[in-house]
Amino acid sequence: MSPFAIIALILILARAITELWLSRLNQRHVRGNANEVPPAFRGIIDETTYRRSIDYTLAKSRFGDIANVFDVVLLIAVLFSGVLPWAFARFSASFGNSTLALAGFLFITGVALSILALPFAWYAQFKLEERFGFNTTSVKTWLLDRVKGFLLALLLGYPLLALVLKLMEWTGANWWLWAAAVVIAFQLLMLLVAPAVIMPLFNKFTPLPEGTLRERLFALAQRTDFPARSIEVMDGSKRSRHSNAFFTGFGRFRKIVLFDTLVAQLTQPELESVLAHEIGHYKKRHLIKLLGLSIAGVFVAFAVIAWLAHQQWFYRAFGFEYQPGFAAANLVPAMLLFALLAETISFWVSPLIHILSRHFEYEADSFAHATMGETESFVQALRKLSEKNLSNLTPHPLYSGFYYSHPTLLERERALR
């Protein structure tokens, strides 16, 4: 193996070992709090529900360990077995090196890897979630979701790949700037199109019925100067008993979406406080900041790919022959290898992103408190959602600090009070 191949293997194994260590650390911490409800949660959650939350947390964690090990073994096999250069050479010999053909190779490779992950997705839905009473998805709906996802990837993702590869040939050394700009433009377009065209392919959205709840939520939007075109209820119960709320779209196309499960679980003041939290994200410009971070990430990713595409050692570390130039056939291996290695690198950066995300959550919580003029409604909403979702109430601090994008229930209550 080349020196870089050894480095890549060490990084992959280090990530896998760290994930397993953190998972086991958290499991031991959760078991250590399993015998009785901790003092901080007494009166908030009953002993039976708390016990179920422990079982659910441990079951998800053990299953996650198995899935992670499979992912690592698969990644190592794909990267170091020589199957990628072999498949690329065979594919090029059969279909040529046109941008459409090469985009097809990238697309097919991605689909093949996703198919290998389907058994884990099926087990998580129909065994794990079913066992704890969360699954409401039928086999037909689950299969249709996958078929729709594949067709959308084919209709939207494949042409985007082909355009990016074509830009490599059209623009020469600056191809990565153009490619990043096109991908960002596509993402922004999807933010506009998805709520009206794509999301209704998977879920049914109906206007919130006339009544005191609708009046209350629109009054909240008006007094916080939050432009909302409509408030809609999504049939989240079609797939799961988990609940959520969000807003989507831009400008006059912005709309507030509530899961039907959320509407059923919370009182009107609690729903208002949850919406105030979501509006807090908008008013504090969290989405704009995260979008800016995402845009910067796209440019960095393409800059790295452009640099790696000129490094012979990078190609040869994984069995590819290096070919200089800006032809798509010369750059496709760098794109594919970067995509496969990106998650290993981002794993070590993710805790920093989660720190920022938790900071945003605290700010949105504070906005909800100031808007509502009290904390009890939002605290009760957080407690109910934690109970209904069987959330892990006692994660190990190192584990939650590494993985959690939201503060724990206890952390949020302390901050609010």
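Residues numbered from 1 in each chain as written. Predicted model: local features only at pLDDT ≥ 70, side-chain atom pairs only at ≥ 80, totals over all residues. Heavy atoms only, no water.

Engineer: Just to check I follow, could you spell out the sheet that holds strand S1 (residues 205–207) for this structure?
Structural biologist: Within a sheet, adjacent strands bond to each other through the backbone by hydrogen bonds, running parallel or antiparallel. Taken in spatial order, the four strands make up an open sheet running S1-S2-S4-S3, and their pairing is mixed. Single-partner strands in this sheet number two, and they are S1 and strand S3 (245–248). The average angle at which neighbouring strand axes cross in this sheet is 30°, direction not considered. Examined bridge by bridge, S3 and strand S4 (residues 255–259) share four bridges and lie antiparallel to one another. What sits directly across from Phe-247, in S4, is Ile-256. (Pairing = 2+ DSSP bridges. Helix = DSSP H or I, 4+ residues; strand = E, 2+ residues; numbered from the N terminus. Axes fitted to C-alpha atoms, helices over the stretch in contact; angles between N-to-C directions.)

Engineer: Where do I start with the pairing of S4 in this structure?
Structural biologist: Successive residues of a regular strand alternate their side chains across the two faces of the sheet. For S4, the buried fraction is high: five of the five residues fall into the buried class. With burial as the criterion, each face of S4 is covered, one bearing Lys-255, Val-257 and Phe-259 and the other bearing Ile-256 and Leu-258. For strand S2 (residues 230–234) and S4, the ladder comprises five bridges, and the chain directions are parallel. Bridged to Glu-232 within S4 is Val-257. (Buried < 20%, exposed > 50% of the residue type's maximum accessible area, 1.4 Å probe, protein only.)

Engineer: What should I look at first to understand the packing of aromatic side chains in this one?
Structural biologist: The geometry of an aromatic ring pair is captured by the separation of the ring centres together with the interplanar angle, meaning the angle of the planes. Counted according to the given criterion, the structure contains 30 aromatic pairs. Their ring planes at 40° and their centres at 4.7 Å tell us that Phe-91 and Phe-95 sit as a pair that is tilted. Placement of both Phe-91 and Phe-95 in helix H3 (residues 83–95) is noted, with a separation of four residues, approximately one turn of the helix. Taken together, the ring pairs in this structure connect Phe-4, Phe-80, Trp-307, Trp-313, Phe-314, Tyr-315, Phe-318 and Tyr-322 into an aromatic cluster. Over the ring of Phe-202 we find Lys-148; its NZ or CZ atom is 5.7 Å from the centre of that ring. (Phe/Tyr/Trp six-rings, centres within 6.5 Å; stacked < 30°, edge-to-face > 60°. Lys NZ or Arg CZ within 6 Å of the ring centre and 35° of its normal.)

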